[in-house]
There are 2 protein chains.
Amino acid sequence: MARKVTSQDVARKAGVSQSAVSRVFTRGASVSPDMAARVRSAADELGYRPNALARGLITGRSRIIGLVVAYLDNPFYPDAIEKLSTVLQAQGYHLLIFTTGKHGIDTDRVISELLDYQVDGIITASINLSGELSERCAAAGIPVVLFNRAIPGSGLSAVTSDNLTGGRKAAEFLLAGGHVRIAHISGFMDASTSRDRLAGFRAALDRAGAPLHALVDGRYDRATAAEAARDLMARPDPPDAIFVANDHMALAVMDMLRFDLGLKVPQDVSILGYDDVPMAGWPAYDLTTLRQPTRRMVDATVDELMAKLDTPNRAARRIEIDGPLVVRTSARIPEGYTP
Amino acid sequence: MARKVTSQDVARKAGVSQSAVSRVFTRGASVSPDMAARVRSAADELGYRPNALARGLITGRSRIIGLVVAYLDNPFYPDAIEKLSTVLQAQGYHLLIFTTGKHGIDTDRVISELLDYQVDGIITASINLSGELSERCAAAGIPVVLFNRAIPGSGLSAVTSDNLTGGRKAAEFLLAGGHVRIAHISGFMDASTSRDRLAGFRAALDRAGAPLHALVDGRYDRATAAEAARDLMARPDPPDAIFVANDHMALAVMDMLRFDLGLKVPQDVSILGYDDVPMAGWPAYDLTTLRQPTRRMVDATVDELMAKLDTPNRAARRIEIDGPLVVRTSARIPEGYTP
DNA sequence: GTGTTATTTGCATAGGTATGCAGACACATC
DNA sequence: GATGTGTCTGCATACCTATGCAAATAACAC
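Residues numbered from 1 in each chain as written. Chains lettered and ligands numbered in written order. Predicted model: local features only at pLDDT ≥ 70, side-chain atom pairs only at ≥ 80, totals over all residues. Heavy atoms only, no water.

### Focus: the protein's contact with DNA strand D
Right, on to step 1. Within the structure, DNA strand D sits among 26 residues, and Arg23 and Ser32 of chain A together with Ser7, Ser22 and Arg55 of chain B are positioned closest to it.
Right, on to step 2. One of the side-chain N or O atoms of arginine 23 of chain A is found 2.6 Å from a base nitrogen in DNA strand D.
Right, on to step 3. One nitrogen or oxygen atom from the main chain of asparagine 51 of chain B is found 3.1 Å from a phosphate oxygen belonging to DNA strand D.
Right, on to step 4. For the surface near DNA strand D, the secondary-structure elements that each account for two or more residues are helix 2 (18-24) and helix 4 (52-59) of chain A together with helix 2 (18-24) and helix 4 (52-59) of chain B.
Right, on to step 5. Here the surface near DNA strand D is composed, by residue class, of ten nonpolar, twelve polar and four charged. (Near = heavy atom within 4 Å. Polar contact = N/O pair within 3.5 Å; in protein donor to acceptor, adjacent residues only side chain to side chain. Helix = DSSP H or I, 4+ residues; strand = E, 2+ residues; numbered from the N terminus. Nonpolar A, V, L, I, M, F, W, Y, C, P; charged D, E, K, R; others polar.)

And the structure:
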C-alpha cells in the first residue's frame, strides 16, 4: 500500500513551494508557464492528484451533490438519475446517494447524514421531505432542488413537467375519443405531481361538463393500482376509460384488465399513462401516455442548482416543462385526430 | 447563511476542550458519562455534527464507496443499486456514483476522479474496467469488488450468480422440453457473465450430444437482440428455442417474435431469460428465467468489501451465488416437470 | 500515609490543501 | 536613479477533526 502522494512531495521534487503546486492545480491562480510545466511533470511522475476531501475542507465546497431517493422501481427514475449523474459529472460534481426506503422513514437521519458530508447541494427525487428539510438546509445554506415533485410554500426550487397541462391533455384526448365514464387512478395525494395531474384532468372534464366517473388512489404502486382497476371494473357501471397517474401503474392496470379480467384495451377500456417510460413504447403495451421530457427536466434541475450555488440568496424557482401526448394504441384515437 | 458550527464552538459552550468533544463523537474513546452528557447537550443546542470531510481527512477513511456504472436501462441494476445503497447506509457508508457512459469511454478519467475523492472502496456494476483499474486501485490500496461481472486473472474480488450452472440449467430445461434446434443470443463476449452463461449452456448441450443450433451476439442491447431474433427466425431452419442471456433482451425478443413475426411463445419458439427482473413476472411476458438472487448478491458484495477494508492484503475472492430456474410459461414445460 | 493502577482530560500536532500577505523581481516611465 | 506597475513566488496560517502523550485525578489496597 503506497503512501499517499501529497502536494508536499510534488513540491519537493519540483523544487518549489507547496503553494506553487496548489496554484498549478487551482484554475484562475497566477503561475508562470515555466513553473506550471515543472510542477506538472513532477506531479505526473509521482501520480499526484489533489485530495478532494482536503480541498473541500478548506474551500467549503465539496463538489458533492446529495441525491435523496425513496425507491427506484419506477423506471422513470433510473433513467433520470443516469442523466443527472452524467450532466453533473461533466461539471465536476458527483452524486452521493441517500435512500429513504419506501415509507420515508428516518427522514431525520438522512438529512443529518446529508449535512455531515458537507454536500454543496441536494436533489430529491420520488420523495416528499417534510418542512424540516427546507428549514435545516436553509439554515445550513445548502440549495435544494426537488425533482419531479414540488412543495408549494416550502420555498424550495422544484422541477416537474407541466402536470396541470398534462392532466388537461389527458382529459381532452379521452373526451374527444367519445368516452363517457372516465375514471382516474391517482398517485398518493401528498405528492404535488399527483394533485396537479388530477387537478388539470378534473378542470378539463368540468369545462366540458363531463363528470369524473370515479377516483381511486393507486399510491404509485403496481399492486394497489391493479386492485383499484379490478374494483373499478367490478362496479355496476364500469369506466370506459382510465387515466392512470403514471406509466408504472398503467402497465399494471393493463395487465390486470387483459389477463385477469379478459378485457380488451382499448376496445373495452381506454388506458392513458404518464411519463413515457421506455416500456410504454414496447409493443406488448403500446401505451398512450404523456411524456415527461427527462433530458430537459434534468438539464433544468442542474441549471437551477448551479444558479443557486452561484447566487446563494436567489429566490426559489418553480420550473414546469411541457411534454407532448404520445399517442399509441392503448386508448381509442379520436376520429380524424392529428397531434 | 449561518456559519458552520464546529467542535470548537461546542467545546467552548460546554466548557471543555475540543478533544473532549471529538471523543464524545468517536465511538470507542474514553469519556466520563458526565462529560458526555454535557457535550451532547451543548452539541444538540448548537446543532453540531462532525464534519465528515475533516474526519475523513484525518482518519484516512472517507466512508464513501465509489459505484461505477455504465448504464441503468437494464432494470436489474436499479434494483441492485437501491439495495446496495440501503445496506451500506446501515453500516455508515454511502455511494458516490460514477457513470462511464455506454461505451466505457473515459475510463481513465473516471478512475482518477474516483481516487480524488479518497473513496474507501469501489464497486463496479455492468462494467468491464480494464486492467488499469486493478493496477491503480491496488497501488492506492483501495479494495474493489466487481458486481455481476468477473475479470479472471485480475486479482479483483467478484460477485456473480453461478452463471455456469445457470447456463447448464437452461440447456437441461430446454432439452427436457424436447427442443432440437436450440439457439442462444448472448451478451457481449468481453463480459465474463456472458461467457460463463454460454459455456455452461454449451457444456450441457454437448453432454447430451445436442448441437448449439445457432449463436448470435445480442450485446445486452434490446434493439440488437430483437434484430438477432428476426435473423434467426428468417433462416431456413429457424430455432425452436432461444436462450437469451438476460431478461432485458429476452423481453425484446418476445416482442419481436409475437408482434413483428406473429409467432406464438412458447408454441412456435420457447424463450428463456436470465435475471428474473420484476417485469419477467408480469403477465404480458411471463418469462421463464434464471433468477439472480439480488439480495444475496448485494449482501455478499458488501460483506466482501467490508472484509477487504478490515484486512487490506486479503486475497481476492470469487463468489458465485446459485439461483433457481423460475418456471413460467414462455418456454415449453417438460412432461411431468417438477422443480 | 505511600504506592500502584485505571480512568479521564487537555495540549499539541497532524492530515492535505488553498489563500492573504508581503517580498522578490522585472520592466517601464519619468 | 527613483518611482510606479505588474507578475510570480514563498511564508504562514486556516479549514475541522482525531489522537499520542503526558498530566491530573480517582480508586483502591496495604
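Moving on, there is more to tell.
### Details of the pairing of strand 9 (residues 270-275) of chain B
Residue and element names in this part refer to chain B.
Right, on to step 1. Among the six residues in strand 9, six count as buried, and that is most of the element.
Right, on to step 2. Bridging between strand 8 (residues 241-244) and strand 9 involves three bridges; their strand directions are parallel. Pairing of alanine 241 across the sheet is with serine 270, part of strand 9.
Right, on to step 3. Two strands pair when backbone bridges link them, and strand 9 and strand 10 (residues 288-291) are joined in this way by four bridges, in the parallel orientation. Bridge pairing links tyrosine 274 to leucine 290 in strand 10. (Buried < 20%, exposed > 50% of the residue type's maximum accessible area, 1.4 Å probe, protein only. Pairing = 2+ DSSP bridges.)

### Some thoughts on the environment of alanine 203 of chain A
Right, on to step 1. Along the chain, alanine 203 of chain A turns up in helix 9 (residues 192-207).
Right, on to step 2. Looking at alanine 203 of chain A, the relative accessible area reads 30%, which means it is partly exposed.

### So, the protein's contact with DNA strand C
Right, on to step 1. Lining the immediate environment of DNA strand C, one finds 27 residues, of which Ser7, Ser22 and Arg55 of chain A together with Arg23 and Ser32 of chain B sit closest.
Right, on to step 2. Restricting attention to atoms of DNA strand C within 4 Å of the protein, one finds that 54% of them are sugar or phosphate atoms.
Right, on to step 3. Between DNA strand C and serine 7 of chain A there is a distance of 2.5 Å, counted from a phosphate oxygen to a backbone nitrogen or oxygen.
Right, on to step 4. Contact between DNA strand C and serine 22 of chain A: a phosphate oxygen at 2.7 Å from a side-chain N or O atom of the residue.
Right, on to step 5. Listing elements by their share of the surface near DNA strand C, those giving two or more residues are helix 2 and helix 4 of chain A together with helix 2 and helix 4 of chain B.

### Regarding helix 12 (residues 294-310) of chain B
Residues spaced three or four apart along an α-helix face the same direction, because each turn holds 3.6 residues.
All names here are of chain B.
Right, on to step 1. In a regular helix each residue adds 1.5 Å, so 17 residues correspond to 24 Å; helix 12 covers 24 Å between its end C-alpha atoms and thus fits that length.
Right, on to step 2. Among the 17 residues that make up helix 12, twelve are buried, leaving the element largely enclosed by the rest of the structure.
Right, on to step 3. When helix 12 is considered as a whole, its buried residues turn out to be Thr294, Met297, Val298, Ala300, Thr301, Val302, Glu304, Leu305, Met306, Ala307, Lys308 and Leu309.
Right, on to step 4. Of the surrounding elements, those touching the buried residues of helix 12 are strand 1 (64-69), helix 5 (76-90), strand 3 (121-125), strand 4 (144-147), strand 5 (157-161) and strand 11 (318-321). (Expected span 1.5 Å × (residues − 1). Contact = heavy atoms within 4.5 Å.)

### Side note on the sheet that holds strand 10 (residues 288-291) of chain A
Residues and elements named next belong to chain A.
Right, on to step 1. Reading across the sheet, the six strands line up as 7-6-8-9-10-12 and stay open at both edges, with mixed pairing between neighbours. The two strands at the open ends of the sheet, each matched to only one other strand, are strand 7 (214-217) and strand 12 (325-326).
Right, on to step 2. Pairing of strand 6 (residues 182-186) with strand 8 (residues 241-244), which is carried by four bridges, proceeds in the parallel orientation. The partner of alanine 183 across the bridge, within strand 8, is isoleucine 242.
Right, on to step 3. The sheet contacts of helix 9 involve strand 6, strand 7, strand 8 and strand 9 (270-275), and relative to strand 6 the element is tilted by about 170°. (Axes fitted to C-alpha atoms, helices over the stretch in contact; angles between N-to-C directions.)

### Here we look at the packing of helix 5 of chain B against helix 12 of chain B
All names here are of chain B.
Right, on to step 1. In contact at an axis separation of 9 Å, helix 5 and helix 12 are set at 45° when each is read in the N-to-C sense. When the interaxial angle is binned, helix 5 and helix 12 end up oblique. Relative to helix 12, the crossing made by helix 5 is right-handed. Contact residues: Phe76, Asp79, Ala80, Lys83, Leu84, Val87 and Leu88 in helix 5; Thr294, Arg295, Met297, Val298, Asp299, Thr301, Val302 and Met306 in helix 12.
Right, on to step 2. Considered class by class, the residues forming the contact of helix 5 with helix 12 number nine nonpolar, two polar and four charged. (Parallel < 35°, antiparallel > 145°, perpendicular 65-115°, else oblique. Left-handed = near helix turned anticlockwise from the far one by under 90°.)

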